[in-house]
Amino acid sequence: QVQLVESGGGLVQAGGSLSLSCVASGNINNFRAMGWYRQAPGKQRELVAISTVGSSTNYADSVKGRFTMSRDNAKNTLYLTMNSLKPEDTAVYYCNGETWAQVKYWGQGTQVTVSS
């Protein structure tokens, strides 16, 4: 059973930056796809960024140019660097990994709050 553990959330003023980390208990190279999602209060969970093996990273239009997803395979860690944060970026951010058998794993989430 793979576990994903996010960290790095917090409170930041608009225009500021945060970096999130997602550490996997297993080898992240075993995932067919990995990404970040977020869920704001009263809203559905939405895709922020996703990377599938053999493809480039896709970003939601709302974060393009501001967020960057990266990974360190040696550390089994996925990152999300968030710049120029806006109040509408406030949400719980979740790490996701999907195996080649299409089994999805989720982290517990980390809260990001952007004050205006």
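Source: prediction; values computed, not measured. (Residues numbered from 1 in each chain as written. Predicted model: local features only at pLDDT ≥ 70, side-chain atom pairs only at ≥ 80, totals over all residues. Heavy atoms only, no water.)

K.L.:
Explain the environment of Thr-52 to me, and be specific about the residues and the numbers.
P.N.:
Turning to its location among the elements, Thr-52 is positioned in strand β5 (residues 46-52). Relative accessible area serves as the criterion here: at 24%, Thr-52 is assigned to the partly exposed category. The spatial distance from the C-alpha of Thr-52 to the C-alpha of Ile-28 is 12 Å, given a sequence separation of 24 residues. Discounting residues that sit within four places of it in the chain, Thr-52 has contacts with Arg-32 and Ala-33. (Helix = DSSP H or I, 4+ residues; strand = E, 2+ residues; numbered from the N terminus. Buried < 20%, exposed > 50% of the residue type's maximum accessible area, 1.4 Å probe, protein only. Contact = heavy atoms within 4.5 Å.)

K.L.:
Any details on the state of the cysteines? Residues and values, ideally.
P.N.:
Summed over all chains, the structure comprises 1 disulfide. In this model Cys-22 forms its disulfide with Cys-95; the gap between the sulfur atoms is 2.1 Å. Torsion about the S-S bond of the Cys-22 and Cys-95 cystine: about -75 degrees, corresponding to left-handed handedness. In this pair, Cys-22 sits in strand β3 (residues 18-24) while Cys-95 sits in strand β9 (residues 91-99), placing the two residues 73 residues apart along the sequence. (Disulfide = S-S within 2.5 Å.)

K.L.:
Describe the pairing of β5, naming the residues involved and giving the relevant values.
P.N.:
Note: strand β4 (residues 31-39) against β5, 6 bridges, orientation antiparallel. Bridge pairing in β5 links Trp-36 to Ala-49. As consecutive antiparallel partners, β4 and β5 are separated by 6 residues, and within that stretch Gly-42 has a phi angle of approximately 75 degrees, a positive value. One ladder, built from 2 bridges, connects β5 with strand β6 (residues 58-59); its direction is antiparallel. (Pairing = 2+ DSSP bridges.)

K.L.:
Residues and numbers for the pattern of salt bridges, please.
P.N.:
Throughout the structure, instances matching the rule amount to 5 salt bridges. A salt bridge links Arg-32 to Glu-98; its shortest N-O distance comes to 2.8 Å. Highlighted residues: Arg-32 in strand β4 and Glu-98 in strand β9, separated in sequence by 66 residues. Look at Glu-98 and you get buried, because its relative accessible area is 10%. Through salt bridges with shared partners, one network takes in Arg-38, Glu-46, Arg-66 and Asp-89. (Salt bridge = Lys/Arg side-chain N within 4 Å of Asp/Glu carboxyl O.)

K.L.:
Can you explain the packing of aromatic side chains? Please cite residues and give values.
P.N.:
Here the structure, examined in full by the defined rule, presents 3 aromatic pairs. When the centroid spacing of 6.5 Å and the interplanar angle of 85 degrees are considered together, the rings of Tyr-94 and Trp-106 count as edge-to-face. In this pair, Tyr-94 sits in strand β9 while Trp-106 sits in strand β10 (residues 104-106), placing the two residues 12 residues apart along the sequence. By relative accessible area, which is 14% here, Tyr-94 ends up buried. The class for Trp-106 is partly exposed, based on a relative accessible area of 36%. Put simply, the rings of Tyr-37, Tyr-94 and Trp-106 touch in pairs and so form one group of aromatic residues. It is Arg-45 that lies over the ring of Tyr-94; its NZ or CZ is 3.7 Å from the centre. Above the ring of Trp-106, the side-chain terminus of Arg-45 is found at 4.5 Å from the ring centroid. (Phe/Tyr/Trp six-rings, centres within 6.5 Å; stacked < 30°, edge-to-face > 60°. Lys NZ or Arg CZ within 6 Å of the ring centre and 35° of its normal.)

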